Amino acid sequence: MSDLEWIYGIHAVENALTQQPERVKEVRFQEGRDDKKNQRLVQLCKANKVRYSVVPRKELDQLFTKNKERAVHQGVVAYTTMNKAGNEADLHTLVAGLDETPLIIILDGVTDPHNLGACLRSADAAGAHAVVMPKDNSAPLNATVSKVACGAAESIPVYAVTNLARTMKKLQDQGVWIFGTAGEATQTIYEQDLSIPTAIVMGAEGDGMRRLTREQCDYLVKLPMAGVVSSLNVSVATGVCLYEAVRQRAVKAKG
């Protein structure tokens, strides 16, 4: 099975052409769209000797007719080699080689590609070192994830592991403390020290963490909910938790 796929959207295509142009086999632009952003992408194609063409919008739309919802391609698509997730051994090698205090996000069964893309975007923006997810029952790294992530899918290390609980145990053996998010937790995320080596577990949409995942956590934490809703979207909650870790680490660095 080929690992080549059409990705779409200005940010996703620009990031591919800027960061890993060797992965891009072809770019197609929509006729009639000649704004500055598209002109920049054309220049990147030329600079990296990537084949490109200008085609009717209908041709771009037809590339994504298999999807239940029409892709908002913004007039540009690229045929590119998709990034592949690393495995458990790759993750532990990365953690062992870090010179900084680890900050890791663990996604336990996030199956919506839009949510996965948004989580990757938040993780990249907050400077997380890795995103970990189970190999099964998780959204794949595909064009939708790439579009929503705005380039983060190609920049932040992602690891798909066979046994999540076992991976968490190995991370703990490497000195990483694991904080699982759960609505029934007695302490909030703000009451924990996230300046230490940290992995934050975000549960699946609706169901939360699985039992074995929950049991492997060192601490359970929650976000305070002052309104009528009982929980936040997983990608929003991921961003809140990550930036609390960023805040705490900045305060500690200032002494």
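Just so you know, these numbers come straight off a predicted model, no measurement behind them.

Asks: Account for unusual backbone geometry, with residues named and values stated.
Replies: Not every positive phi belongs to a glycine, and Lys49 is a case in point at roughly 55°. Within the fold, Lys49 resides in the loop between helix H2 (36-47) and strand S3 (51-55). Backbone geometry places Asn137, a non-glycine residue, at a positive phi of 60°. Among the secondary structure elements, Asn137 is positioned in the loop between strand S6 (130-134) and helix H6 (143-149). Given the relative accessible area of 53%, Asn137 is considered exposed.

Asks: Would you mind going over the sheet that holds strand S9 (residues 187-188) in detail, with residue names and values included?
Replies: Here we have 7 strands laid out as an open sheet, ordered S7-S6-S5-S10-S8-S11-S9, and parallel in their pairing. The sheet terminates laterally at strand S7 (158-161) and S9, the two strands that pair on one side only. Bridge analysis of strand S8 (residues 177-181) against strand S11 (residues 219-222) gives 3 bridges, and the strand direction is parallel. Its bridge partner lying in S11, Gly180 is registered against Leu220. Against the sheet, helix H4 (residues 88-96) engages strand S5 (103-108), S6 and S7, with an angle of about 135° to S7.

Definitions and cut-offs
- Residues numbered from 1 in each chain as written.
- Predicted model: local features only at pLDDT ≥ 70, side-chain atom pairs only at ≥ 80, totals over all residues.
- Heavy atoms only, no water.
- Helix = DSSP H or I, 4+ residues; strand = E, 2+ residues; numbered from the N terminus.
- Buried < 20%, exposed > 50% of the residue type's maximum accessible area, 1.4 Å probe, protein only.
- Pairing = 2+ DSSP bridges.
- Contact = heavy atoms within 4.5 Å.
- Axes fitted to C-alpha atoms, helices over the stretch in contact; angles between N-to-C directions.

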